[in-house]
Amino acid sequence: MSKDASLFPIHFFNSEIFCEECAQLRKFKIFSQEKYDKNYGKSEIPPNKPLFCKCDECENTVIYATNEFAELQEEPTFGFCKIWGMGNLETGDNVFHPEIGICNVDGINRVHDALPQIVLKQQNGEKIEVPAVEGTENKSTEFYRLFPQDAENARIGDRIYNTETKIIGKVIGLEFGEEQKIVIEFENKEIEKCPCKSSESYLTDDFLEHNAKWRCKDFDFSLSMQITSSSKVLSVSCRVSNLSSICELEKIISSIPQIRCFIMHFVVAKSEMSSSDIYKELVKNCIYLCCCLVEFKNQEIHIAGFYYAKDTQQKIYRVLSKFPIKKVILDIKMRSDIKVIRTINESERFIRISKIGKIVHIDGWVATEKEKDSVKWRTFFSTFSFNIENHLLVLG
Ligand SMILES: [Zn+2]
């Protein structure tokens, strides 16, 4: 699998994961294909994207998906049960009670001068009232996934509670071979691989491979296609002509049920296009980015900047779809405070002067270095701003 490393150029984060080779918990470096910002908002990190994980000790590698890490989840406690006595209970919570097992909080009666009483609804519908346990304030963020009841949904980093042995542990690895297993490190440092009991039938790699091939059979480039599945991760390699076929293929592959994520290897015909050709194409289609950067390298295009027209992202994809581009990396953010000061649109040049906050940006292209300088001076005299960023391209 190490041959895939080049497809994952971005060091995303580090995590402790169980290493199959070392047979113990190790530090792993985790690489992604796209740049995600963990601090910007978890909702920005899409699920089912492959992550390339490499053991620091032995360099063994494994593919996990973005949604398989507890720390990349927007709502890490979703679907969790709070253990009895831990967490601020609310109506509707699932809780684990040591004597009656899993039940549901039906209501909380706050009694003056006494411990609140909690009404629990058992699985047979019967209700009982028990006092809440005191001294739980600091534990309000502690949630545990119940094992084995909810093992199927476990993610790396989840804390789990074994309802049979009453021991707490942490999920340190997931396995998706012939059956699904989770690797747990228990409080006593013992590491155990536990099979998950799945409610739906567990599809094998053979089945997924067949399904993928069948779904792709009508795709224009299906003759050049190779599809393999390993641990429910699909690897697809294919020769295509443009970005639009790539998007089409990705849509087909992502619709296959039960695959964890997919890795695409595309071969696209070489092109003579340059970064500025693509930039011009965007402007020709009325896509204006402030503080704009367009870089076309190794058939990948990187576009950065600020925009204010809502549909800019879709428009960019539409314009680029006919070109032989393998991948689009969009690093653009919406800013509603962009003020356009002036636009000059002539055959030899395109100049757009805009302002965000106190900074004046000059975007576009001119013919000579001298012209680029003179635009800056003219901008200075018309705005009296010392904060001028000149992004003009010189296309002489
Ligand atoms: Zn290792």
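Residues numbered from 1 in each chain as written. Predicted model: local features only at pLDDT ≥ 70, side-chain atom pairs only at ≥ 80, totals over all residues. Heavy atoms only, no water.

1. Topic: the overall build of the protein
Working step 1: Each helix and strand in the protein was counted, giving 5 helices and 25 strands.
Working step 2: Projected onto the principal axes, the alpha-carbon positions of the protein cover approximately 80 × 60 × 40 Å.
Working step 3: For the protein, with 396 residues in total, the buried portion stands at 44%.
Working step 4: If you take every contact in the protein between residues at least 6 apart in sequence, the share linking residues at least 24 apart comes to 48%.
Working step 5: Put simply, the protein shows about 21800 Å² of open surface, and 48% of that area lies on carbon and sulfur atoms.
Working step 6: Averaging the positions of the 52 positive and the 58 negative side-chain charges in the protein gives two centres separated by 8 Å. (Helix = DSSP H or I, 4+ residues; strand = E, 2+ residues; numbered from the N terminus. Buried < 20%, exposed > 50% of the residue type's maximum accessible area, 1.4 Å probe, protein only. Contact = heavy atoms within 4.5 Å. Areas by Shrake-Rupley, 256 points an atom, 1.4 Å probe, with all protein chains shown as cover. Lys, Arg positive; Asp, Glu negative; His and termini not counted. Charge placed at Lys NZ, Arg CZ, Asp CG, Glu CD.)

2. Concerning the domain arrangement of the protein
Working step 1: What the domain assignment reports for the protein is domain 1 (2–72), domain 2 (82–139), domain 3 (145–195), domain 4 (205–268), domain 5 (275–334) and domain 6 (338–394).
Working step 2: Taking only C-alpha atoms, the centre of domain 3 and the centre of domain 4 are 31 Å apart. (Domains from an automatic or database assignment.)

3. Some details on the pattern of salt bridges
Working step 1: With the rule as written, the count across this model stands at 17 salt bridges.
Working step 2: Residues Arg 155 and Asp 158 are paired through a salt bridge, measuring 3.9 Å at the closest nitrogen-oxygen approach. Both residues of the pair, Arg 155 and Asp 158, belong to the buried class.
Working step 3: In this structure, the salt-bridge partner of Glu 346 is Arg 349, at a minimum N-O distance of 2.7 Å.
Working step 4: Among the residues examined, Glu 346 registers a relative accessible area of 41% and is labelled partly exposed. (Salt bridge = Lys/Arg side-chain N within 4 Å of Asp/Glu carboxyl O.)

4. With respect to the sheet that holds strand S4 (residues 61–65)
Sheet strands line up and pair through hydrogen bonds in the backbone, either parallel or antiparallel.
Working step 1: Strand order in the open sheet formed by 4 strands is S1-S2-S3-S4, with antiparallel pairing between adjacent strands. Single-partner strands in this sheet number two, and they are strand S1 (10–19) and S4. On average, adjacent strands in this sheet sit at an angle of 35 degrees to one another, irrespective of strand direction.
Working step 2: Note: strand S2 (residues 24–32) against strand S3 (residues 50–55), 5 bridges, orientation antiparallel. (Pairing = 2+ DSSP bridges. Axes fitted to C-alpha atoms, helices over the stretch in contact; angles between N-to-C directions.)

5. Side note on the coordination of the zinc ion
Working step 1: Taken together, the protein ligands of the zinc ion are Cys 19 (SG), Cys 22 (SG), Cys 55 (SG) and Cys 58 (SG), with distances of 2.2 to 2.4 Å.
Working step 2: For the zinc ion, the 4 donor atoms in the first shell make angles of 103 to 115 degrees at the metal, a pattern classed as tetrahedral.
Working step 3: Of note, the zinc ion draws all its donor residues from one chain, in the sequence arrangement C-x2-C-x32-C-x2-C. Of the two residues, Cys 19 is situated in strand S1 and Cys 58 in the loop between S3 and S4; the sequence distance between them amounts to 39 residues.
Working step 4: A relative accessible area of 34% places Cys 58 in the partly exposed class. (Donors = N, O, S within 2.8 Å, 3.2 Å for Na, K, Ca; no water. Tetrahedral: all angles 85-135°; square planar, octahedral: opposite > 155°, others 65-115°.)

6. Remarks on helix H1 (residues 205–216)
Working step 1: If you check H1, its first and last C-alpha atoms are 16 Å apart, about what 12 residues at 1.5 Å a residue would give, namely 16 Å.
Working step 2: Those residues of H1 that fall on the buried side of the exposure criterion are Leu 208, Glu 209, Asn 211, Ala 212 and Cys 216. Looking straight down H1, one finds that the buried residues subtend no more than 165 degrees of arc, so they occupy a single side. Exposed residues lying more than 90 degrees from the buried face of H1 are Asp 206, His 210 and Trp 214.
Working step 3: Where H1 is buried, its residues contact strand S15 (226–230), strand S16 (233–240) and helix H2 (243–254). (Expected span 1.5 Å × (residues − 1). Arc of directions from axis to C-beta.)

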